[in-house]
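Residue strings, one per chain:
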Amino acid sequence: VEAGGTQLNVPSPPMVAKAIKNSAELCGMREAHLRDAAALCGAFAWLEGAHAAGEPLDEHAVGVRFGEWRRQQDGWLSDSFPIIVGAGRNGAVIHYRAECGACAPVGTAERCMVLIDSGAQYDCGTTDVTRTIHLGTPTQLQRECFTRVLKGNIALDSCTFPEGTPGFVVDVLARTALWQAGLDYQHGTGHGVGAALNVHEGPQSISARFANTEPLRAGMVLSNEPGFYDAELGFGVRIENLLIVVPKPTAHRFGGKQFLGFERLTHVPIQRSLLAPELLSAADVAWLDEYHAQVRERV
C-alpha cells in the first residue's frame, strides 16, 4: 500500500473452502450431534429429577453436571465454549457466565425458567445447542414468547431458497413471529460452525447485517438460534439447533438454479409445557411431532 498498491478487503479464499464441509466432515458432524444429544437428554433428565427431589441447585453447579454428562461420551475432547446457564433474569443476559459462589439458584420461584447454551468438541465434530426449560408452571407471557421463538426456529428450518442467497435474506423468517407481537432480539440468528474446529466460523452467517453477502452454499453448517430477552420481565428464551445447507428437490428450477434448504443436526427435545398451543399452526405442530419422532428414533 505504501508503495502505491491497492488494499483489498475481501474474505480469504480458504475460509469459504473450509466452511463447505466434505462428506467425511458432515458424517462426523452427524455422529458428534448424536453423541451430544444422548448426553444432553441425560443431563436434562437429571436436572428435572434433581429439582423435583428438592435438591439445592445453582447455575454453576448445573453447568458442571452438564459437563460431566458430556465427558461420558466417546470421543469427547473439550467444551466448544464455556457453558451458559442463566436462571430467571440471568437468562436475559445473552453471554452470561455463572461464577462459582456468586451465581443464582436454579428452580426457585423467580428462577424456574432456565436457559442453557452449551457445546462440545468431539473427535469427529463440533456441537452448539441451546434449550430453554421451565422447572415449574410458566406464565402465559413466558409461553407466548417461547412459542414465538420456536415458530421462528421452525420457519427458518423449513425454508427453501435459490443458490446464491446470502444469509441476511432469510433472517427475517426467524423474526417474523416475534415482530408480529412487537418483539425482537438483538443478535444474529445464525453463525457458521466448524467441523471439529471453531464453534464460530465464517464467512457465512444469518443475520440482519446486510453487508455480509456471502451466499449460503451446500455443505455449510450454521446455527439457527432466534431468541427473546427481557431482564425486567425476568427471563430469556433461546432455541438453537445446528443445520447443514443441503440441495432441495423442487418441481421447477427457475433460471436453471439449484434450490437449497436445511438438514437438522441437533436432536435434543424441546419442552412442550412451555408452548402456547393456540399460536401454533398445523404445520408447526407437524414439524414438532416429526422432530421429536426423529429424536426418539435416533437418540
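Preceding block: the structure.
As the structure is a computational prediction, the values presented were derived from the model and not from experiment.

Undergrad: Can you break down the nonpolar core residue by residue, with the values?
TA: Leu 150, Phe 161, Leu 216, Val 245 and Phe 262 are the most contacted members of the largest nonpolar core, which has 40 residues in total. Put simply, the parts of the chain that give this core at least two residues each are β3 (113-118), α4 (140-157), α5 (167-179), β11 (227-230), β12 (235-238), β13 (241-248), β14 (259-264) and α6 (282-298). The dominant element in this core, judged by the number of residues it contributes, is α4, at 6 residues. Filtering out sequence-adjacent residues up to four positions away, Phe 161 remains in contact with Val 170, Leu 216, Val 245, Gln 258, Phe 259, Leu 260, Gly 261 and Phe 262.

Undergrad: With reference to specific residues and values, describe the packing of aromatic side chains.
TA: Two measures describe an aromatic ring pair: the distance that separates the ring centres and the angle between the ring planes. For the structure on display, the rule yields 5 aromatic pairs. Measuring from centroid to centroid gives 5.2 Å for Trp 287 and Tyr 291, while their planes differ by 5°, and the two rings are stacked. Placement of the pair is Trp 287 and Tyr 291 together in helix α6, with a separation of 4 residues, close to one helical turn. An identical accessibility class is assigned to Trp 287 and Tyr 291; each is buried. The aromatic ring of Tyr 185 is capped on one face by Arg 175, whose charged end is 3.9 Å from the ring centroid.

Undergrad: An account of the side chain of Asp 171 is requested, with residue identities and associated values reported.
TA: Residue placement: Asp 171 occurs in helix α5. Within polar-contact distance, the side chain of Asp 171 engages the side chain of Arg 175 at 2.6 Å. The residues touching Asp 171, leaving out its near neighbours within four places in the chain, are Tyr 185, Thr 189, Ile 206, Ser 207 and Ala 208.

Undergrad: Please set out unusual backbone geometry residue by residue, giving values where relevant.
TA: The omega torsion of the bond from Gly 202 to Pro 203 falls at 5°, within 30 degrees of zero and hence cis. Turning to its location among the elements, Pro 203 is positioned in strand β9 (residues 201-206). Although it is not a glycine, Ala 196 adopts a positive phi angle of roughly 60°. Mapped onto the fold, Ala 196 is located in the loop between β8 (190-192) and β9. Residue class for Ala 196 comes out partly exposed when judged on its relative accessible area of 36%.

Undergrad: Can you lay out the pairing of strand β2 (residues 84-87) for me, pointing to particular residues and giving the numbers?
TA: Neither face of β2 is left uncovered, since the one carrying Ile 84 and Gly 86 and the one carrying Val 85 and Ala 87 both have all their residues buried. Bridge analysis of β2 against β3 gives 4 bridges, and the strand direction is antiparallel. Looking at the pairing, Val 85 lines up with Ile 116 of β3.

Undergrad: Tell me what's going on with the pairing of β12, and back it up with residues and numbers.
TA: Here β12 shows two buried faces, one formed by Phe 235 and Val 237 and the other by Gly 236 and Arg 238. Pairing of β11 with β12 involves 4 bridges; the strand directions are antiparallel. Within β12, the position partnered with Phe 228 by the bridge is Val 237. Between β11 and β12, which pair antiparallel one after the other, the connecting turn spans 4 residues, and Gly 234 there sits at a positive phi close to 90°.

Undergrad: Got a sec to walk through the sheet that holds β2? Specific residues and values, please.
TA: Taken together, 3 strands build an open sheet; the order of strands is β2-β3-β6 and the sheet is antiparallel. The open sheet is flanked by β2 and β6 (129-134), the only strands paired with a single partner. Adjacent strand axes in the sheet meet at a mean angle of 10° when their direction is disregarded. By the bridge criterion, 6 bridges tie β3 to β6 in an arrangement that is antiparallel. The partner of Leu 115 across the bridge, within β6, is Thr 132. Seen against the sheet, helix α2 (residues 23-52) touches β3 and β6 and runs at an angle of roughly 20° to β6.

Undergrad: Break down α6 for me, with residues and values.
TA: With 17 residues, α6 should cover 24 Å at 1.5 Å per step; its first-to-last C-alpha distance of 24 Å lies within 8% of that length. Burial in α6 covers these residues: Asp 284, Trp 287, Leu 288, Tyr 291, His 292, Gln 294 and Val 295. Buried residues along α6 cover an arc of 155° about the axis, so they all sit on one side. Across α6 from its buried face, at more than 90 degrees, point the exposed residues Ala 282, Ala 283, Arg 296 and Glu 297. On the buried face of α6, the contacting elements are β6, α4, β13 and β14.

What counts and how
- Residues numbered from 1 in each chain as written.
- Predicted model: local features only at pLDDT ≥ 70, side-chain atom pairs only at ≥ 80, totals over all residues.
- Heavy atoms only, no water.
- Core = buried A, V, L, I, M, F, W, Y, C linked by side-chain atoms within 4.5 Å.
- Buried < 20%, exposed > 50% of the residue type's maximum accessible area, 1.4 Å probe, protein only.
- Helix = DSSP H or I, 4+ residues; strand = E, 2+ residues; numbered from the N terminus.
- Contact = heavy atoms within 4.5 Å.
- Phe/Tyr/Trp six-rings, centres within 6.5 Å; stacked < 30°, edge-to-face > 60°.
- Lys NZ or Arg CZ within 6 Å of the ring centre and 35° of its normal.
- Polar contact = N/O pair within 3.5 Å; in protein donor to acceptor, adjacent residues only side chain to side chain.
- Pairing = 2+ DSSP bridges.
- Axes fitted to C-alpha atoms, helices over the stretch in contact; angles between N-to-C directions.
- Expected span 1.5 Å × (residues − 1).
- Arc of directions from axis to C-beta.

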